[in-house]
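Reading the structure
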Amino acid sequence: MYSRRLILAGLTGLALAPRAALANAGFQSWLSGFKKRAARAGIKPATLKALNGAQYLSGVIKSDRKPAETAKPLEFYISSAAAPSRIKNGQAKLRKHKTLLAQIERKYGVPKEIIVAIWGMESSFGGFRGKTSTLSALATLAYEGRRRDQFEKELLAALKILQSGDISPAKMRGSYAGAMGHTQFMPSSYLKHAVDHNGDGRRNIWSDDPTDALASTAKFLKTNGWSKGPRWGEEVQLPKGFDLALTGRVYPRKMSDWAKLGVTRASGRAVKGSRKGALILPAGPTGPILMIYPNFHIIKTYNFADSYAIGVGHLADRLAGEGPFRSGYPKKPWGMSTKERVALQTRLNAAGFNAGRADGVIGEKGRAAIRAYEASQGLRETGVPSVSLLKRLR
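Residues numbered from 1 in each chain as written. Predicted model: local features only at pLDDT ≥ 70, side-chain atom pairs only at ≥ 80, totals over all residues. Heavy atoms only, no water.

What follows is about the overall build of the protein. Along the backbone of the protein there are 17 helices and seven strands. Along the three orthogonal principal directions, the C-alpha set of the protein runs to about 70 × 55 × 50 Å. Residues counted as buried form 45% of the 394 residues belonging to the protein. Across the protein, every contact between residues at least 6 apart in sequence was considered, and the portion connecting residues at least 24 apart equals 66%. Per element, the accessible surface of the protein, about 19,700 Å² overall, is 53% carbon and sulfur. A gap of 3 Å separates the mean positions of the 64 positive and 28 negative side-chain charges of the protein. (Helix = DSSP H or I, 4+ residues; strand = E, 2+ residues; numbered from the N terminus. Buried < 20%, exposed > 50% of the residue type's maximum accessible area, 1.4 Å probe, protein only. Contact = heavy atoms within 4.5 Å. Areas by Shrake-Rupley, 256 points an atom, 1.4 Å probe, with all protein chains shown as cover. Lys, Arg positive; Asp, Glu negative; His and termini not counted. Charge placed at Lys NZ, Arg CZ, Asp CG, Glu CD.)

See below:
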C-alpha cells in the first residue's frame, strides 16, 4: 500500500509538472516583452534587473480567483472592525506614537484616530503587512491577463519606486494583490502620496517604523479632499413615521432641514448647523441609522465599500472614547429574511437593474436599483426593499 501511494503521487506530480512548466514558460515570455515596454517608459537597465528574480506565483492566481466572501451583515462587520482587542491595541498605538500622530494631524488636518483606524483595518497595526514579493505578485497578475493593463501599470509603478531608491527588491513585499506596507498602498498610490516624514531620505512604508506609512496615509486623505474639522458621520434617530424615501447617500440636506423633519442625534440632542449630511440605513430602518458627511466619501477613496468606511469611522470614534452604536441590529433587516433579500436582488438583476451581488445585504447600490425599477414602473421612488416589492417582481 505504501509503495502504491508513492507511485500514484509520482504519477500525479508528472502530470502537473508539464502544466506548471508551460505556465512558467508563458510567464517568462510575457515578462521579456514587458521589460521592453518598461524600458521605453524610462526604466533603466539596472532597475530592470530586479525583474530577473520575479517568479510566477500560482498561489497568487488562486487567491485572486477565490470567490468573494459572502457579504457580512453590519453587525458582524462592526464587531470585527471595532473588536475590543483592536480598540485596546489602537489606543496603545495612540499613546506610543502620540508625538508623531500629533505632528501628522497638524500638518494634514486628518484626525489621528482616523489614521490609526485605517492602520488597524489594513494590517492590524503593522502585524500583517504581507510577505509576498510585490514584483512577483504584480507580474503574475499582469501575465494572467484578466486585468493586464491595471497590473502592468502597477508593476511599472513598482519599478519606478525601486528606481527612486526608496526600497530594495528583496524588501518590497506585501499582499498577494500587490498592496504594501503598514497601510497597504498599491504602487501607483505610493507614487502619488508617499512622503518621507522622518527625513531619512526615503519614503519607507515597509519598515517596522510606521512613521512614513502613517504620514503617507494622511497625505492620501488630504489630497483626496479631507475636510479639517467635520467628522465622518454619526448615529442619529428618526421620528416615527419618517419618510424613508428621503434617505440615501445621494440625498444630502442641511442639518437645519433635517432638524425640521424631526431627525436628532442618537442621544436625542438636536442636529444643528448649515453643513450638509445624508442618511444611510446600512442595516435597514431598525438598525443603526447614520448621518454621513463629506469625509465619509473621502474614506471611501481608500476602499470603496460603505462597510469599510463605516468600520474605519466607527473604530476611530471608539479609539477617541465614544461608545458603540446605540441601536441594536435587526434579525430581519428591512423586515425580510435573508432568503427574501437575496431573491429581491436576484430578480432586480434579472430585470436589468443592477443591485450588485445577490448576497442578502441591501446597501446603497441595491436601493438605487430599487429606485430605478420604481421609476420604470411609474411608481413613487423610495428605494425601500420590501416583501411587497419582491412579490411585484415575481
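On to the pairing of strand S6 (residues 276-280). Counting buried residues along S6, four of its five residues qualify, which places the element largely inside the surrounding structure. In terms of strand pairing, strand S4 (residues 253-254) meets S6 through two bridges, oriented antiparallel. Bridge pairing in S6 links Lys-254 to Lys-276. Here S6 runs beside strand S7 (residues 289-292); their pairing, made up of three bridges, is antiparallel. (Pairing = 2+ DSSP bridges.)

With that settled, consider helix H4 (residues 74-81). Since one α-helical turn is 3.6 residues long, residues separated by three or four positions face the same way. Of the positions making up H4, those classed as buried are Leu-74, Ile-78 and Ala-81. Along H4, the residues classed as buried sweep out an arc of 65° about the axis, all on the same side. At its buried positions, H4 is contacted by helix H5 (84-96), helix H7 (112-123) and helix H14 (306-319). (Arc of directions from axis to C-beta.)

We now examine the packing of aromatic side chains. Applying the stated criterion across every chain yields a total of 13 aromatic pairs. Aromatic pair Phe-27 and Tyr-56: ring centres 5.9 Å apart, planes at 55°, arrangement tilted. A residue pair is termed long-range when its members are at least 10 positions apart, and Phe-27 in helix H1 (residues 2-40) and Tyr-56 in the loop between helix H2 (45-48) and helix H3 (58-65) qualify at 29 residues. In this structure Phe-27 comes out as buried when scored by relative accessible area, which is 0%. (Phe/Tyr/Trp six-rings, centres within 6.5 Å; stacked < 30°, edge-to-face > 60°.)

Along the chain, Arg-86 falls in helix H5. One buried charged residue, Arg-86, forms no salt bridge at all, with the nearest opposite charge on Glu-122 at 9.7 Å. Apart from residues lying up to four places away in sequence, Arg-86 is in contact with Ser-80, Ala-81, Gly-120, Met-121, Phe-125, Leu-315 and Leu-319. (Salt bridge = Lys/Arg side-chain N within 4 Å of Asp/Glu carboxyl O.)

This part covers the pairing of S7. Here S7 shows no split at all, with Ile-289 and Met-291 on one side and Leu-290 and Ile-292 on the other all buried. Bridge analysis of strand S3 (residues 233-237) against S7 gives four bridges, and the strand direction is antiparallel. For Gly-233, the partnering residue across the bridge sits in S7 and is Ile-292.

With that settled, the discussion passes to a positive patch on the surface. Among the surface-exposed residues, Lys-339, Arg-347, Lys-391 and Arg-394 lie close enough to one another that they form a single positively charged patch. By secondary structure assignment, the location of Lys-391 is in helix H17 (residues 387-393). A relative accessible area of 56% means that Lys-391 is categorised as exposed. (Patch = residues over 30% accessible without salt bridge, like charges linked within 9 Å, V, L, I, M, F, W, Y side chains within 5 Å.)

Right, let's get into the packing of H7 against H14. Closest axis-to-axis distance for the H7/H14 pair is 8 Å, and the angle between their directions is 125°. One way to sum up the angle between H7 and H14 is to call them oblique. Here H7 runs over H14; the crossing is right-handed. Here Glu-113, Ile-114, Val-116, Ala-117, Ile-118, Met-121 and Glu-122 of H7 lie close against H14, whose contacting residues are Tyr-308, Gly-311, Val-312, Leu-315, Ala-316 and Leu-319. (Axes fitted to C-alpha atoms, helices over the stretch in contact; angles between N-to-C directions. Parallel < 35°, antiparallel > 145°, perpendicular 65-115°, else oblique. Left-handed = near helix turned anticlockwise from the far one by under 90°.)

Okay, the pattern of salt bridges next. Scanning the entire structure with this criterion turns up 15 salt bridges. As a salt-bridge pair, Glu-113 and Lys-112 come within 3.5 Å of each other at their nearest N and O atoms. Note on Glu-113: relative accessible area 15%, which makes it buried. Accessibility expressed as a relative area gives 30% for Lys-112, which makes it partly exposed. Taking the shortest distance from any N to any O, the salt bridge between Glu-144 and Arg-146 comes out at 2.8 Å. Among the charged side chains, a network of salt bridges with common partners joins Asp-64, Arg-65, Glu-144, Arg-146 and Arg-147.

This part takes up the sheet that holds S3. Taking strand neighbours across the sheet as the criterion, the five strands line up as S4-S6-S7-S3-S5 in an open arrangement whose pairing is antiparallel. Sheet topology places S4 and strand S5 (264-265) at the edges, where each strand pairs with a single neighbour.

A word on the environment of Val-195. Along the polypeptide, Val-195 turns up in the loop between helix H10 (187-193) and helix H11 (211-223). You can call Val-195 buried: its relative accessible area is 14%. Spatially, the C-alpha atom of Val-195 lies 9.5 Å from that of Thr-211, the residues being 16 residues apart in sequence. Among residues more than four places away in sequence, those in contact with Val-195 are Tyr-108, Arg-203, Asp-212, Ala-215, Ser-216 and Lys-219.

Another point: the nonpolar core. Among the nonpolar cores identified, the biggest contains 80 residues, and Leu-51, Ile-114, Leu-135, Leu-159, Met-172 and Leu-221 are the most heavily contacted of them. Sequence-distant contacts of Leu-51, that is, excluding residues within four places in its chain, are made with Leu-31, Phe-34, Lys-35, Leu-135, Leu-155 and Leu-159. (Core = buried A, V, L, I, M, F, W, Y, C linked by side-chain atoms within 4.5 Å.)

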